Amino acid sequence: MMKPHTIINTVQMSSSGERALADAQRKGFRLAIVGRTIAVGALAFVFLAGYHFPFNVAIWLLTLALALSGLMALKTAGTRLENMVRYVFFLLDAALVSAIIAFAPLSGGDDIPQNLTFFTSRTQFYYVVITASILTLSPGLVLWTGGCCVAGLALSTIWIAAGMESILNFADLPIAPSREDLYRIVLNPDFLGTESRIEEMLILSAVTGIAAIAVRGARLVVLARISAEEKRRHTQRLFGKYLPAAVIPDLKSDGHLSPQMREATLLYADVEGFTSISEKLQPEEIIHLLNELFTMVSEKITMRGGLVVSYFGDAVIAAFNSPLPLEKHEFSAVMAARDILKTLESSEFRSHRLRLRIGIATGLVAVGTVGSEERLSFTHYGDTVNLSQRLEALNRETGTDCLMCGATYTAVQHEIEGIRSLGFHSLRNKQRGVEVYALE
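Conventions we followed
- Every chain's residues receive numbers from 1 upward, in the order its sequence appears when written.
- Only residues with pLDDT of at least 70 are given local features in this predicted model, and only at 80 or more are side-chain atom pairs given and counted; all residues enter the totals for whole chains, interfaces and linings.
- For the side-chain quantities, the full set of heavy atoms in the structure was used; hydrogens and water were omitted.
- The numbering of helices and of strands both runs from the N terminus, where a helix is a DSSP run of H or I of at least 4 residues and a strand a run of E of at least 2.
- To sort residues, take the accessible area from a 1.4 Å probe on protein chains only and compare it with the maximum for the residue type: under 20% means buried, over 50% means exposed, and anything in between is partly exposed.
- Note on contacts: a residue pair qualifies if any of its non-hydrogen atoms lie within 4.5 Å across the two residues.
- The method behind every accessible area is Shrake-Rupley, applied with a 1.4 Å probe, and residues are considered shielded solely by the protein chains displayed.
- Under this scheme, a helix contributes an axis fitted over its contacting stretch, all axes are lines through C-alpha atoms, and angles between N-to-C directions fall in the 0 to 180 degree range.
- Between 65 and 115 degrees an angle is taken as roughly perpendicular, under 35 as roughly parallel, over 145 as roughly antiparallel, and anywhere else as oblique.
- Throughout, the ten residues Ala, Val, Leu, Ile, Met, Phe, Trp, Tyr, Cys and Pro are labelled nonpolar, Asp, Glu, Lys and Arg are labelled charged, and all others, Gly among them, are labelled polar.
- Aromatic rings from Phe, Tyr and Trp, with only the six-membered ring used for Trp, were paired whenever their centres fell within 6.5 Å, and each pair was classed as stacked if the ring planes differed by under 30 degrees, edge-to-face if by over 60, and tilted otherwise.
- In this analysis the charged atom, NZ for Lys or CZ for Arg, is taken to sit over a ring once it is within 6 Å of the ring centre and within 35 degrees of the ring normal.
- Salt bridges are defined by distance alone: a side-chain nitrogen of Lys or Arg within 4 Å of a carboxyl oxygen of Asp or Glu.
- It is the rotation of the near helix from the far one that decides the hand of a crossing: anticlockwise by less than a right angle makes it left-handed, clockwise makes it right-handed.
- Between the first and last residue of a helix there are one fewer steps than residues, each counted as 1.5 Å, and that sum is the expected span.
- Grouping buried Ala, Val, Leu, Ile, Met, Phe, Trp, Tyr and Cys residues that are joined through side-chain atoms within 4.5 Å yields what is termed a nonpolar core.
- In this context, the arc is that of the directions from the helix axis out to the C-beta atoms.
- Scored from 0 to 100, pLDDT reflects the predictor's confidence in each residue.

Enquirer: Tell me about the overall build of the protein chain, and please be specific about residues and values.
Expert: Counting secondary structure elements, the protein chain contains 12 helices and eight strands. Taken across its 440 residues, the protein chain has 43% of its residues classed as buried. Sequence separation of 24 or more characterises 67% of the internal contacts of the protein chain that already satisfy a separation of 6 or more. As displayed, the protein chain has an accessible area near 24,000 Å², and 60% of this comes from carbon and sulfur atoms.

Enquirer: Report on the packing of helix H3 (residues 82-103) against helix H4 (residues 125-134), specifying residues and quantitative values.
Expert: Packing of H3 against H4 leaves a shortest axis separation of 9 Å and a crossing angle of 175°. If you check the angle between H3 and H4, you find them roughly antiparallel. Seen from H3, the contacting residues are Phe90, Asp93, Ala94, Val97, Ser98 and Ile101; seen from H4, they are Phe125, Tyr126, Val129, Ala132 and Ser133. Taken together, the residues of the contact of H3 with H4 sort by class into eight nonpolar, two polar and one charged.

Enquirer: An account of unusual backbone geometry is requested, with residue identities and associated values reported.
Expert: Even without a glycine there, the phi angle at Arg350 is positive, about 55°. In this structure, Arg350 sits in the loop between helix H10 (329-345) and strand E4 (356-371). Although it is not a glycine, Ser351 adopts a positive phi angle of roughly 70°. Residue placement: Ser351 occurs in the loop between H10 and E4. Judged by its relative accessible area of 65%, Ser351 falls in the exposed class.

Enquirer: Residues and numbers for the packing of aromatic side chains, please.
Expert: The tally for this structure, following the rule as stated, stands at eight aromatic pairs. Between Phe170 and Phe191 the ring centres are 5.1 Å apart and the planes differ by 85°, which places this aromatic pair in the edge-to-face class. With Phe170 in the loop between helix H5 (139-162) and helix H6 (179-186) and Phe191 in the loop between H6 and helix H7 (194-239), this pair connects stretches of sequence that are 21 residues apart. A residue is classified by how much of its surface remains accessible, and Phe191, at 5% relative accessible area, is buried. Aromatic ring contacts, followed pair by pair, group Phe119, Phe170 and Phe191 into a single cluster. Over the face of the ring belonging to Phe331 we find Lys328, whose NZ or CZ atom lies 5.3 Å from the ring centre.

Enquirer: Residues and numbers for the pattern of salt bridges, please.
Expert: Enumeration over the complete set of coordinates arrives at 12 salt bridges. Across the salt bridge formed by Glu82 and Arg86, the nearest N and O atoms sit 2.8 Å from each other. You can see Glu82 and its partner Arg86 sitting in helix H3, four residues apart, about one turn around the helix. Of the residues examined, Arg86 reaches a relative accessible area of 6% and is grouped as buried.

Enquirer: How would you sum up the environment of Met296? Please name residues and give values.
Expert: Take Met296: it is sitting in helix H9 (residues 283-303). The buried category is assigned to Met296, whose relative accessible area is 9%. For the pair Met296 and Ser347, spaced 51 residues apart in sequence, the C-alpha separation works out to 10.0 Å. With sequence-adjacent residues up to four places away left out, Met296 is seen in contact with Ile340, Thr343, Leu344 and Phe349.

Enquirer: Hey, could you go over the packing of H3 against H5 for me, with residue numbers and the actual values?
Expert: At their nearest, the axes of H3 and H5 sit 9 Å apart, and the two run at 25° to each other. With respect to each other, H3 and H5 are oriented roughly parallel. In this structure, the crossing between H3 and H5 has a hand that is right-handed. Facing H3, whose interface residues are Arg86, Tyr87, Phe90, Leu91, Ala94, Ser98, Ile101, Ala102 and Phe103, H5 presents Gly140, Leu141, Trp144, Thr145, Cys148, Cys149, Gly152, Leu153, Ser156, Trp159 and Ile160. Of the residues in the contact of H3 with H5, the class split is 14 nonpolar, five polar and one charged.

Enquirer: An account of helix H11 (residues 383-398) is needed here, citing residue identities and associated values.
Expert: An α-helix turns once every 3.6 residues. As a result, residues three or four positions apart point the same way. With 16 residues, H11 ought to run about 22 Å at 1.5 Å a step, and its terminal C-alpha atoms sit 22 Å apart, in line with that. In the stretch just after H11, Gly399 is the one whose phi turns positive, near 70°.

Enquirer: Kindly report on the nonpolar core, identifying the contributing residues and their values.
Expert: Among the nonpolar cores identified, the biggest contains 39 residues, and Leu293, Leu356, Ile358, Ile360 and Met404 are the most heavily contacted of them. The next biggest cluster of nonpolar side chains, apart from the first, holds 26 residues, and it includes Val85, Val129, Ala132 and Ile160.

Enquirer: Describe H4, listing the residues and the values that go with them.
Expert: Here H4 has its buried residues at Tyr126, Val129, Ile130, Ala132 and Ser133. All buried residues of H4 lie within an arc of 160° about the axis, which places them on one face of the element.

Enquirer: Go over the confidence of the model for the protein chain, please, and point to the residues and values.
Expert: Of all residues in the protein chain, 87% have pLDDT values of 70 or greater, and the mean over the chain is 84. Looking across the protein chain, the model is least confident in helix H1 (residues 4-50), with a mean pLDDT of 68, and most confident in strand E6 (residues 402-405), with 96. The model gives residues 1-13 a pLDDT under 50, and that stretch makes eight contacts with residues more than four places away or in other chains.

This is the structure we're talking about:
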């Protein structure tokens, strides 16, 4: 059973998707109107050149008026009439093509039988109308437009046939007709070719159906992408304040990051003597001081390709090469520590000089999110994490600012100067001594 907040989120995503689709449909319809205006306007000038004066001017003006009249539909955008106008718009366009087939003379000269219009490309105008309807991303509107075109072609054919004294069709041809038979029937002024008209209607219907299916598929793709984007944004809103931003894209739909094991370098930093400092400050001053300090520390870590995992109290833990891959992560971690310490030498935070103790350790860590549905935490587990904390604490005994383990030193010894060995030290929960190195 879906939980209430899940249902609300699903409804919100669906509503957002519908709004985005409605906006896409509106833009598509606007594009269809502009395209239709240009196409019909161009057709008007074709008529102007194709007929004799003054008949050509009359047709030109009428066609141009029809082209510009379509722009009136743009005024209905965002109104209650918007959806209805789309259907009326494509109905009128199908009717316009049908009227051209049924009534527009083929020449400004002698009276030419109207059935000969089927020897021209006028019926192909229907495909332009159907194609324009695809831009609206509405399967229903595509089907409506195709239906209007099929009906328009049928009515045009019936109208033309009604005005003919005699009608010839392919059925009037003998079996295995000769060339003379074709000339006599197909090129006859009374030839209508009803079979071809029916075939054209079937082709129009097939094209319409395929276009509607394609539009429906496109809508589903758009909705899926919108839904995925909304889930990503929803996850960002839920966890953005608690998890590193770089981790959020890898979260599952339930907000969990798949557990993983990888080698990484952990940097653990703690403020020395913070208890005595905090005793002299008001609570809000402590928060402001820590925010300033952590902002600086985070910038240095991020600049070196690291990721701040979490803050707790006056301490911060960062990871290099986890969960984001980073080449030479040991080098980046040590350089980030050096950058932090160097900045501390010349910086004050709320008029206080601060000193950080840093521990750096390299090894395998387990990475993932833990917690409940109400609250999650992104964290690292393993002996490497504990070792970085132990090294940080060891700075008190050695009088140093930054200590690293042997694995970290081995990786950077030829690239970073100013590192000295402090020998082996016993650390809590460690059965054997750990070789420790100090960053000068």
